[in-house]
Amino acid sequence: MIKGLHHNAYRCRDSEETRKFYEDFLGLPLVNAFKIETTMTGRKTGSGVLHSFFRLDDGSALAFFEAPDMPFEFKEQHDFDLHIALEVDENTLNTMFAKGKARGIHTRGISDHGFVRSIYFRDPNGYVIELTAKSPEHDALMAHEASRAHEKMARWQEHKKA
């Protein structure tokens, strides 16, 4: 049985630039960083790869790989293509919205999705970071939607065929 998320890992352009955003701006502590020169399967990584981890309150982490010798296309993603949503409380949402604006970070929102309210930033790598606060009705809304999720998925599949 899957217990939960341990970490998600993404490429980054520069580990220190990424640390400044995730630790200094978002407040996620850097809890591990290690250089990989040879993978566990014996592949060389060129001059090395730095793997860094930023801890969330539930013990899971966002992790990043800086691999200067390995080409990677960093491109601006549409929010639908890729975004990382992190849960916060309502007070933190409002505080981070103001903090982003004050620091000149492109900050969008506050968007009311009914079950959550969200704000959006771009990290130094171009990834969209969503901070989201649950509405008081969140659990009831999600439970109701869970009972209809498969039906909605089936209708979507039929809609695509038409």
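Above this text sits the structure in question.
Everything numeric in this text was worked out from a predicted model, so none of it was measured.

### Concerning the side chain of Ser52
1) Next: Here Ser52 lies in strand S3 (residues 44-55).
2) Next: Taking relative accessible area as the criterion, Ser52 reaches 4% and is therefore assigned buried.
3) Next: When residues no more than four places from it in sequence are discounted, the contact partners of Ser52 are Leu30, Asn32, Ala33, Leu62, Ala63 and Phe64.

### Let's talk about the pattern of salt bridges
Working definition: two side chains of opposite charge can pair if their charged atoms are close together.
1) Next: Taken as a whole, this structure holds nine salt bridges when the rule is applied.
2) Next: Residue Glu16 is joined to Arg19 by a salt bridge in which the shortest nitrogen-to-oxygen separation is 2.8 Å. Here Arg19 and Glu16 lie together in helix H1 (residues 15-25), a separation of three residues that amounts to about one turn.
3) Next: Across the pair Arg148 and Glu145 runs a salt bridge whose closest N-O atoms are separated by 3.7 Å.
4) Next: You can call Arg148 partly exposed: its relative accessible area is 31%.
5) Next: Taking relative accessible area as the criterion, Glu145 reaches 30% and is therefore assigned partly exposed.

### Digging into a nonpolar patch on the surface
1) Next: On the surface, a nonpolar cluster with roughly 240 Å² of combined accessible area is contributed by Phe115, Leu141 and Met142.
2) Next: Note that Phe115 resides in the loop between strand S6 (108-112) and strand S7 (116-122).
3) Next: For Phe115, a relative accessible area of 33% gives the class partly exposed.

### Details of the packing of aromatic side chains
1) Next: Evaluation of the coordinates by the stated rule reveals 10 aromatic pairs.
2) Next: Ring plane angle 90° and centroid distance 5.1 Å describe the contact between Phe25 and Phe121, whose orientation is recorded as edge-to-face. Here Phe121 lies in strand S7 and Phe25 lies in helix H1, a separation of 96 residues in the sequence. Accessibility classification places Phe25 together with Phe121 in one group, the buried group.
3) Next: Ring centres of Phe54 and Phe64 lie 6.1 Å apart, and the angle between their planes is 70°; this geometry places the pair in the edge-to-face category. Of this pair, Phe54 sits in strand S3 while Phe64 sits in strand S4 (residues 61-66), and the two are 10 residues apart along the sequence. Residues Phe54 and Phe64 agree in their burial class; the two are buried.
4) Next: By the ring-pair criterion, three or more aromatic residues cluster together here, those being Tyr10, Phe21, Tyr22, Phe25, Phe54, Phe64, Phe121 and Tyr127.

### Quick word on the nonpolar core
1) Next: By size, the foremost hydrophobic cluster in this structure holds 22 residues, and its most contacted members are Tyr22, Leu26, Leu62, Leu86 and Leu131.
2) Next: Among the elements of the structure, H1, S4, strand S5 (83-87), helix H2 (90-102), S7 and strand S8 (128-134) are those that each provide at least two residues to this core.
3) Next: When neighbours within four sequence positions are excluded, Leu62 is seen to be in contact with Asn8, Tyr10, Tyr22, Leu28, Ser52, Phe53, Phe54, Leu56, Ile84 and Leu86.

### Considerations on the pairing of S4
Look at any regular strand and the pattern is simple: side chains alternate between the two faces of the sheet.
1) Next: Counting buried positions along S4 yields five of six residues, so the element is predominantly enclosed.
2) Next: Both strand S1 (residues 7-11) and S4 contribute to a ladder of five bridges, which runs parallel. Bridge pairing links Arg11 to Phe65 in S4.

### Section: the environment of Lys20
1) Next: Of note, Lys20 is situated in helix H1.
2) Next: Judged by its relative accessible area of 45%, Lys20 falls in the partly exposed class.
3) Next: Residues Lys20 and Leu30, spaced 10 residues apart in sequence, show a C-alpha to C-alpha distance of 9.9 Å.

Each value, and the rule that gives it
Residues numbered from 1 in each chain as written. Predicted model: local features only at pLDDT ≥ 70, side-chain atom pairs only at ≥ 80, totals over all residues. Heavy atoms only, no water. Helix = DSSP H or I, 4+ residues; strand = E, 2+ residues; numbered from the N terminus. Buried < 20%, exposed > 50% of the residue type's maximum accessible area, 1.4 Å probe, protein only. Contact = heavy atoms within 4.5 Å. Salt bridge = Lys/Arg side-chain N within 4 Å of Asp/Glu carboxyl O. Patch = residues over 30% accessible without salt bridge, like charges linked within 9 Å, V, L, I, M, F, W, Y side chains within 5 Å. Areas by Shrake-Rupley, 256 points an atom, 1.4 Å probe, with all protein chains shown as cover. Phe/Tyr/Trp six-rings, centres within 6.5 Å; stacked < 30°, edge-to-face > 60°. Core = buried A, V, L, I, M, F, W, Y, C linked by side-chain atoms within 4.5 Å. Pairing = 2+ DSSP bridges.

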